[in-house]
Amino acid sequence: MSTTVNESATAAASGASATERFHADKSPYAAVKDVPAERVDTLAREVLEAIYTTVRAHKVTYDEFNALKAWLIGVGEDGEWPLFLDVWLEHVVEDVATEHREGNKGSIEGPYYVPDAPEQGAKGTISMRDDEGGTPLVWSGQVTSCDGSALGGAKVELWHADDDGFYSQFAPGIPEWNLRGTFTTDADGYFEITTVQPAPYQIPTDGSCGKLIAAAGWHAWRPAHLHVKVSAPGHELLTAQLYFPGDEHNDDDIASAVKPELILDPQQQADGTATVAYGFVLDPAKG
Ligand code: MBD
Ligand code: FE
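Everything numeric in this text was worked out from a predicted model, so none of it was measured.

**Q** Hey, could you go over the site of ligand 1 for me, with residue numbers and the actual values?
**A** Around ligand 1 sit Leu83, Val87, Ile108, Gly110, Pro111, Tyr112, Tyr167, Tyr201, Ile203, Arg222, His225 and His227, and those are all the residues in its vicinity. Between Arg222 and ligand 1, the recorded distance is 2.9 Å, taken from a side-chain N or O atom to an oxygen atom. Within the side chain of His225, a nitrogen or oxygen atom sits 3.2 Å from an oxygen atom of ligand 1. Compared with its free state, where it exposes 260 Å², ligand 1 has 100% of that area covered by protein. Spatially, ligand 1 is embedded in the largest cavity. For the shell around ligand 1, the elements supplying multiple residues, two or more each, are helix H4 (81–88) and strand E8 (225–231).

Right under this line is the structure:
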């Protein structure tokens, strides 16, 4: 499958790429199958009842109902369903899915993961342009199991925005695998990744999600973040994000996805780079 790299940095273009990505990776979900009617009935009814409660409590008007209809149609036309759901709903699904874990805290995946990024070994530099902007960051860590044993051969998949806040494959003019890589821990579970610090990220403001944000008087910012998926045989997949101290949006992330355990402690070095140590503890798979 080839991912479309859209020509312009518009909400509709990044939305189209995110929607295409979802179809490619999660196509089995297109059919709601093997879900008992009882479960669908409970969930659909309770969600609708929550909406009825809001309509009655706030005496929602026909004008407001039609504005909602127009807006929902627009979300689809802009391809922004992945963005909308990941920004405003995924965090609570992630909380519920991982509440049993004893190992690392995780966070939401968001709309911009692409599988099978280039392999870089245990110690390497992520794919980047010769003139990639941003402070160089050397990140080292170890992947262990909950009992403290090292997990050699674990995968650390890393993807993040560039210094302008854009993701490769979802914004134009960026090399396909820029700032995306797959690292594999050595026999003792260690990895060392060289990348650059990403910039804070503003979700597209020119599409339907942006219209909601503007109409409600919210802001569109996520704090600067690194996305990771960490996996090892016999262990639960960890999807997480790592954040930087002092970012003004760590306390009011539009996607509600910051947890204190996920804030890094980078050290500025005399040569202008930053170093950081952060490892991962994976939960053994159940059953
Ligand atoms: C992002 O980069 C992101 O991580 C999330 C969760 C939503 C929108 C853009
Ligand atoms: Fe992101």
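There is more to say after this.
**Q** I'd love a proper account of the coordination of the iron ion (ligand 2), names of residues and values included.
**A** Protein coordination at the iron ion (ligand 2) comes from Tyr167 (OH), His225 (NE2) and His227 (NE2), with a distance range of 1.9 to 2.1 Å. If you list the donors of the iron ion (ligand 2) from N- to C-terminus, the spacing comes out as Y-x57-H-x1-H. A residue pair is termed long-range when its members are at least 10 positions apart, and Tyr167 in the loop between strand E3 (155–160) and strand E4 (180–184) and His225 in strand E8 qualify at 58 residues. Assessed through its relative accessible area of 3%, His225 is described here as buried.

**Q** Describe in detail the packing of H4 against helix H6 (residues 208–216), supporting the description with residues and values.
**A** Where H4 meets H6, the axes come as close as 9 Å, and the angle between the chain directions of the two elements is 45°. Considering their axes alone, H4 and H6 lie oblique with respect to each other. In this structure, H4 contributes Leu83, Phe84 and Trp88 to the contact, and H6 contributes Cys209, Leu212 and Ile213. Partitioned by chemical class, the residues of the contact of H4 with H6 number 6 nonpolar, no polar and no charged.

**Q** Which residues make up the UniProt feature "domain: Intradiol ring-cleavage dioxygenases" (unreviewed entry) in the chain, and what values do they have?
**A** In the numbering adopted here, UniProt assigns the feature "domain: Intradiol ring-cleavage dioxygenases" (unreviewed entry) to residues 108–284. Note that residues 108–284 is 5% helix and 32% strand, and that its end C-alpha atoms are spaced 20 Å apart.

**Q** So what's going on with the sheet that holds strand E9 (residues 238–243)? Residues and values would help.
**A** Within a sheet, adjacent strands bond to each other through the backbone by hydrogen bonds, running parallel or antiparallel. One open sheet holds the 4 strands; their spatial order is E4-E3-E8-E9, and the pairing between them is antiparallel. Two strands bound the open sheet, and with one partner strand each, they are E4 and E9. Averaged over all pairs of adjacent strands, the angle between strand axes in this sheet comes to 20°, irrespective of strand direction. Bridge analysis of E8 against E9 gives 6 bridges, and the strand direction is antiparallel. Residue pairing across strands places Lys229 opposite Thr239, the latter belonging to E9.

What counts, and at which threshold
The residue count restarts for each chain, going from 1 along the sequence in the order it is written. Written order decides the labels, with chains lettered from A and ligands numbered from 1. Local features in this predicted model are restricted to residues whose pLDDT is 70 or higher, and side-chain atom pairs enter the listing and the counts only when it is 80 or higher, whereas totals over whole chains, interfaces and linings include all residues. As a convention, hydrogens and water are excluded, and side-chain values are obtained from all of the structure's heavy atoms. Any residue with a non-hydrogen atom lying within 4 Å of a molecule or strand is treated as near it. The definition of a polar contact used here is a pair of N or O atoms within 3.5 Å, where within protein one atom must be able to donate a hydrogen and the other to accept one, and adjacent residues in sequence count solely through side-chain atom pairs. Note that accessible areas follow from Shrake-Rupley with a 1.4 Å probe, and for residues the cover is restricted to the protein chains shown. The rule is simple: put a 1 Å grid over the protein atoms alone, call a set of points where a 1.4 Å probe fits but cannot get out a cavity, call an open set with protein on both sides within 12 Å along at least five of seven lines a pocket, and count a residue as lining if it has an atom within 4 Å of a point. Pocket or cavity membership: a molecule qualifies when more than half of its atoms sit within 2 Å of the grid points of that site. Only DSSP runs of H or I covering at least 4 residues are called helices, and only runs of E covering at least 2 are called strands; the numbering of each starts at the N terminus. Distances up to 2.8 Å from the metal define which N, O and S atoms are donors, and 3.2 Å serves for Na, K and Ca; water is absent from the atom set, so sites may look incomplete. Buried residues are those whose accessible area, probed at 1.4 Å on protein chains only, stays under 20% of the maximum for their type, while exposed residues exceed 50% and partly exposed ones sit between those limits. Axes here refer to lines fitted to C-alpha atoms; in helices the fit is confined to the stretch in contact. Angles between the N-to-C directions go from 0 to 180 degrees. Working definition: roughly parallel below 35 degrees, roughly antiparallel above 145 degrees, roughly perpendicular at 65 to 115 degrees, and oblique for all remaining angles. In this analysis, two residues are considered to be in contact whenever any of their non-hydrogen atoms come within 4.5 Å of each other. Three residue categories are used. Nonpolar comprises Ala, Val, Leu, Ile, Met, Phe, Trp, Tyr, Cys and Pro, charged comprises Asp, Glu, Lys and Arg, and polar comprises the others, including Gly. UniProt positions are given in the numbering used here, feature names are shortened, and annotations may be inferred rather than shown by experiment. Any two strands are treated as partners once DSSP identifies two or more bridges connecting them.

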